[in-house]
Amino acid sequence: MSALRRLLDSGESFSEISIQRILDEAGVSRATFYARFTGKSDVLVRLTDELRESLLALARQWEPGAGEAGAERFARFFEEVIAIHRAHRAVLTAVREAASYDPAVNDFYTADLGGFDEAVRRTLLAEQTVGRTAADLDTVAASRIIVWGGSQAIAQHIQVDDGTGDSALARELARIWWHGAYRRPAPSPL
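Residues numbered from 1 in each chain as written. Predicted model: local features only at pLDDT ≥ 70, side-chain atom pairs only at ≥ 80, totals over all residues. Heavy atoms only, no water.

Glancing now at the nonpolar core. Core analysis: the biggest nonpolar cluster contains 55 residues, and L4, L8, L44, F78, I154 and W177 have the highest contact counts within it. Elements with a minimum of two residues in this core: α1 (2-9), α2 (19-26), α4 (40-60), α5 (69-87), α6 (89-99), α7 (103-129), α8 (139-160) and α9 (166-181). If we ignore the near neighbours within four places in the chain, the residues touching I154 are F78, V81, I82, H85, L169 and L173. (Core = buried A, V, L, I, M, F, W, Y, C linked by side-chain atoms within 4.5 Å. Buried < 20%, exposed > 50% of the residue type's maximum accessible area, 1.4 Å probe, protein only. Helix = DSSP H or I, 4+ residues; strand = E, 2+ residues; numbered from the N terminus. Contact = heavy atoms within 4.5 Å.)

What follows is the structure, encoded as structure tokens:
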């Protein structure tokens, strides 16, 4: 797994990395490789499994709360998410790439975002139940927009930004969620 990470971090695309290249980088035999992995995609999925769990754990900690402080909590949350994505950029790029043509990686990728989607949906439903989010909010559609749209926005941002815009993106994502999906009123002008 470390060998694949090194190859990805060096700029090689996942589709261009052969199993032989991974074996050479890792210094292991083909028999050793296949005793532990079913193939190259299995290495990638296992490499990202811990990362996925850390992102889902972050998502499970959401509690919007009341007041404008909630938007600030979301901004801090997104700064953490963006930092994790930035630190694992090459691996996450490989997952998105492989998900387009490898059913096993696609299943892993969609399950990952599906778990996040479910956590957001539960939070939205809870907010509706206590009357802090509009009753007419379609929680299924809103959670899909939040999770799948947010994932794409973060991925694109990391590809084109050197890190100087991370706080701004986090702030804007937080405000979009807070005032859009959660439908909290905008702060009144002074």
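There is more to say, and it comes next.
Let us look at the environment of R21. Checked against the element boundaries, R21 lands in helix α2. The contacts of R21, once residues within four sequence positions are left out, are L7 and E12. Among the polar contacts listed, one links the side chain of R21 to the side chain of E12, at a separation of 3.0 Å. (Polar contact = N/O pair within 3.5 Å; in protein donor to acceptor, adjacent residues only side chain to side chain.)

The next point concerns the packing of aromatic side chains. One pass over the full model with this rule turns up 6 aromatic pairs. With a centroid separation of 5.0 Å and an interplanar angle of 90°, the aromatic rings of F33 and Y34 are classed as edge-to-face. Pairing F77 with F78 gives two aromatic rings, centres 5.3 Å apart and planes at 65°, and the pair type is edge-to-face. Just as F77 is buried, F78 falls in that class too. Taken together, the ring pairs connect F74, F77, F78, W177 and W178 into an aromatic cluster. Taking NZ or CZ as reference, K40 lies 4.5 Å from the ring centre of F14, over its face. (Phe/Tyr/Trp six-rings, centres within 6.5 Å; stacked < 30°, edge-to-face > 60°. Lys NZ or Arg CZ within 6 Å of the ring centre and 35° of its normal.)

It is worth spelling out the confidence of the model for the protein chain at this point. Averaged over every residue, the pLDDT of the protein chain is 87; the share at 70 or more is 91%. Per-element confidence in the protein chain ranges from a low mean pLDDT of 83 for α4 to a high of 96 for α2. (pLDDT = per-residue confidence, 0-100.)

Another aspect to go through is the pattern of salt bridges. Here the structure, examined in full by the defined rule, presents 12 salt bridges. Across the pair R21 and E25 runs a salt bridge whose closest N-O atoms are separated by 3.9 Å. Here R21 and its partner E25 are both found in helix α2, 4 residues apart, which amounts to about one turn of the helix. For R21, a relative accessible area of 34% translates into the label partly exposed. According to the relative accessible area criterion, E25 is partly exposed, its value standing at 29%. Of the charged contacts, one joins E172 and R175 as a salt bridge, the two residues approaching to 3.5 Å between their closest N and O atoms. Taken together, the positions of E172 and R175, both in helix α9 and 3 residues apart, correspond to about one turn of that helix. By sharing partners, the salt bridges in this structure join R6, E12, R21 and E25 into a single network. (Salt bridge = Lys/Arg side-chain N within 4 Å of Asp/Glu carboxyl O.)

In the contact formed by α8 and α9, the axes pass within 12 Å of each other and the chain directions differ by 170°. It follows from the interaxial angle that α8 and α9 lie roughly antiparallel. Together, A142, I146, A153, I154 and H157 of α8 and D166, L169, L173, W177 and A181 of α9 make up the contact between the two elements. Among the residues forming the contact of α8 with α9, the class breakdown is 8 nonpolar, 1 polar and 1 charged. (Axes fitted to C-alpha atoms, helices over the stretch in contact; angles between N-to-C directions. Parallel < 35°, antiparallel > 145°, perpendicular 65-115°, else oblique. Nonpolar A, V, L, I, M, F, W, Y, C, P; charged D, E, K, R; others polar.)

For α2, every residue scored as buried is listed here: I19, I22 and L23. In an axial view of α2, the angular spread of the buried residues amounts to 100°, which keeps them on one side of the axis. Immediately downstream of α2, the backbone of G27 shows phi near 70°, a positive value. (Arc of directions from axis to C-beta.)

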